[in-house]
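Below are the chains, spelled out letter by letter.
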Amino acid sequence: MAEHTTYDDVIQSFHSSFQDKKIIPDTLEKEWFLKAVGKYSFEISELNYDDDSKEFSESLNRYVIDTLAVMMKKYYQQRELSKVNKRVSIVGKDLSINSGMSSSKYAENELEKAQSEMSEMIYKQTPSAYD
């Protein structure tokens, strides 16, 4: 019998999808994970996750694990876009910084890419009306 899928399995897939120079706080990753599980459970199929054991009630296939990771990446990219937008519009009495919005556009493109990938993965797993 296959082992149950764990929180760490999903986190590993999430981390493999990008490279970040800064360490992401565990509590923030956990929040994104829980949001992804909730979204997946609502939009596709119920997932039973036990926070105490940090395991799902079953062994999830690779595509489901990667879908959860992409959902987490979308939340990550939303946060990055917010951070970049705040950074590019710093204006003070003696200081004004404006990067010409290139950083913001890059972050927005990354978010759109993550959103598109997530939507496609969800679509491919959603049961058709004919099932």
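Up top is the structure.
From a predicted model like this one, the values you see are computed outputs, not experimental measurements.

(A) The nonpolar core, seen in detail. Counting 29 residues, the largest nonpolar core has Phe 14, Trp 32, Phe 33, Leu 47, Phe 56, Leu 68 and Met 72 as its most contacted members. Among the elements that line this core, the one with the most residues is helix 3 (residues 62-88), at nine residues. Ignoring any residue separated from it by four or fewer positions in sequence, one finds Met 72 in contact with Val 10, Ile 11, Phe 14, Glu 29, Trp 32, Phe 33 and Ala 36.

(B) Looking closely at the environment of Ser 17. Examined against the element boundaries, Ser 17 turns out to sit in the loop between helix 1 (7-15) and helix 2 (26-43). For the pair formed by Ser 17 and Ala 69, sequence separation is 52 residues and the distance between their alpha carbons is 8.1 Å. A polar contact is formed between the side chain of Ser 17 and the backbone oxygen of Phe 14, at a distance of 2.6 Å.

(C) The arrangement of the packing of helix 1 against helix 2 in detail. Direction vectors running N to C along helix 1 and helix 2 enclose 100°, while the axes themselves pass 11 Å from each other. When the interaxial angle is binned, helix 1 and helix 2 end up roughly perpendicular. Residues Tyr 7, Val 10, Ile 11, Phe 14 and His 15 of helix 1 form the contact with helix 2, whose own contacting residues are Asp 26, Glu 29, Lys 30, Trp 32 and Phe 33. Taken together, the residues that form the contact of helix 1 with helix 2 break down as six nonpolar, one polar and three charged.

Here is what the cut-offs are and how they apply
- Residues numbered from 1 in each chain as written.
- Predicted model: local features only at pLDDT ≥ 70, side-chain atom pairs only at ≥ 80, totals over all residues.
- Heavy atoms only, no water.
- Core = buried A, V, L, I, M, F, W, Y, C linked by side-chain atoms within 4.5 Å.
- Buried < 20%, exposed > 50% of the residue type's maximum accessible area, 1.4 Å probe, protein only.
- Helix = DSSP H or I, 4+ residues; strand = E, 2+ residues; numbered from the N terminus.
- Contact = heavy atoms within 4.5 Å.
- Polar contact = N/O pair within 3.5 Å; in protein donor to acceptor, adjacent residues only side chain to side chain.
- Axes fitted to C-alpha atoms, helices over the stretch in contact; angles between N-to-C directions.
- Parallel < 35°, antiparallel > 145°, perpendicular 65-115°, else oblique.
- Nonpolar A, V, L, I, M, F, W, Y, C, P; charged D, E, K, R; others polar.

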